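Breakdown of the fold
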Amino acid sequence: MKKKKGQVLVNTGNGKGKTTAALGLALRAAGHNMRVLVLQFIKGPWMSGEVKVCRDLACIDIEQLGSGFIKFEQGKLVIDHALKKEAQKALAYAKEKMMEGVYDVIVLDEINNMVDYGLIEANQLVEMIENKPENLTLVLTGRNADPRVIQAADTVTEMKEVKHAFSRGIKAVKGIEY
Ligand code: ATP
Ligand code: MG
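Residues numbered from 1 in each chain as written. Chains lettered and ligands numbered in written order. Predicted model: local features only at pLDDT ≥ 70, side-chain atom pairs only at ≥ 80, totals over all residues. Heavy atoms only, no water.

Considerations on the sheet that holds strand β6 (residues 105-109)
Applied cut-off: At least two bridges found by DSSP between two strands are what make those strands a pair. Only DSSP runs of H or I with at least four residues qualify as helices, and only runs of E with at least two residues qualify as strands; both kinds are numbered from the N terminus onward. To obtain an axis, a line is fitted to C-alpha atoms, over the contacting stretch when the element is a helix, and the angle between two such axes runs from 0 to 180 degrees between their N-to-C directions.
Overall, parallel pairing links the six strands, which are arranged β3-β2-β6-β7-β1-β8 in an open sheet. Looking at which strands have only one partner, the edges of the open sheet turn out to be β3 (61-64) and β8 (155-158). Strand-to-strand twist of the sheet, defined as the mean angle between neighbouring strand axes without regard to direction, takes the value 10°. Strand direction decides the pairing type here: strand β2 (residues 36-40) and β6, joined by five bridges, are parallel. By the bridge assignment for β6, V36 is matched with V105.

Here you go:
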């Protein structure tokens, strides 16, 4: 078996666990003294536990990009020019971090959604994967991963929703959802 130095992993699907699995991998890598960066493309209205703990322990760098809270009106994403510009700026920043060669692992959290929403082109992401430094591991999370991104990745996991407390009216819970 060939040993690949850096890999591309995709966590997608409708079930819960995409971001938390990526954070688990980040923790695992950090435990081996690897340098890890988590870039969150979409942030919720709450301060998440992962941001707090990473800042406190300083073993994983974590940054939330853009204004973060994507707006929906009547279930539809409101995409305006400013949002698109912001997404492109965030992507350029991620590329810059990738090419710096400082990190061993970079998690691009919710990047698949950005493609799904039309804020980032799938081929921009594929190009990024193809140009990544050899030793870098990239983890891409988010629903509806584009087939071209899936094709370009080494390991793809689809989280399947069997059931979710949310559909019984249970709201986002601290420590579980954020
Ligand atoms: P997590 O961050 O818990 O690993 P995720 O990254 O798989 O979840 P996202 O698609 O990023 O899930 O969704 C963001 C938020 O929605 C999280 O608070 C998550 O717990 C919640 N969520 C995930 N899956 C579902 C679902 N099937 N129904 C309702 N809410 C969900
Ligand atoms: Mg997520």
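What follows picks up the thread again.
Notes on unusual backbone geometry
What counts is decided by this rule: Burial here depends on accessible area, computed with a 1.4 Å probe over protein chains only, as a share of the maximum for the residue type. Under 20% is buried, over 50% is exposed, and the range in between is partly exposed.
Although it is not a glycine, N33 sits at a positive phi angle of roughly 60°. Tracing the chain through its elements places N33 in the loop between α1 (18-31) and β2. Residue classification places N33 among the exposed residues on the basis of a relative accessible area of 70%. We note that A58 has phi near 55°; this positive angle belongs to a residue other than glycine. Positionally, A58 belongs in the loop between α2 (49-57) and β3.

Let's talk about helix α3 (residues 81-100)
The condition is simple: The length a helix should cover is 1.5 Å for every residue beyond the first. As used here, the arc belongs to the directions running from the helix axis to the C-beta atoms. The contact definition used throughout considers only heavy atoms, calling two residues in contact when any of these lie within 4.5 Å.
In a regular helix each residue adds 1.5 Å, so 20 residues correspond to 28 Å; α3 covers 29 Å between its end C-alpha atoms and thus fits that length. Every buried residue belonging to α3 is among L83, A87, A90, L91, A94, K97 and M98, and all of these are buried. Seen from one end, α3 has its buried residues packed into an arc of 120°, which puts them on one side. In this structure, α3 carries H81, A82, K85, K89 and M99 as exposed residues pointing more than 90 degrees from its buried face. In this structure, the buried side of α3 is in contact with β2, β3, β6, α4 (111-116), α5 (122-130) and β7 (137-141). Following α3 by one or two positions, G101 adopts a phi angle in the positive range, close to 75°.

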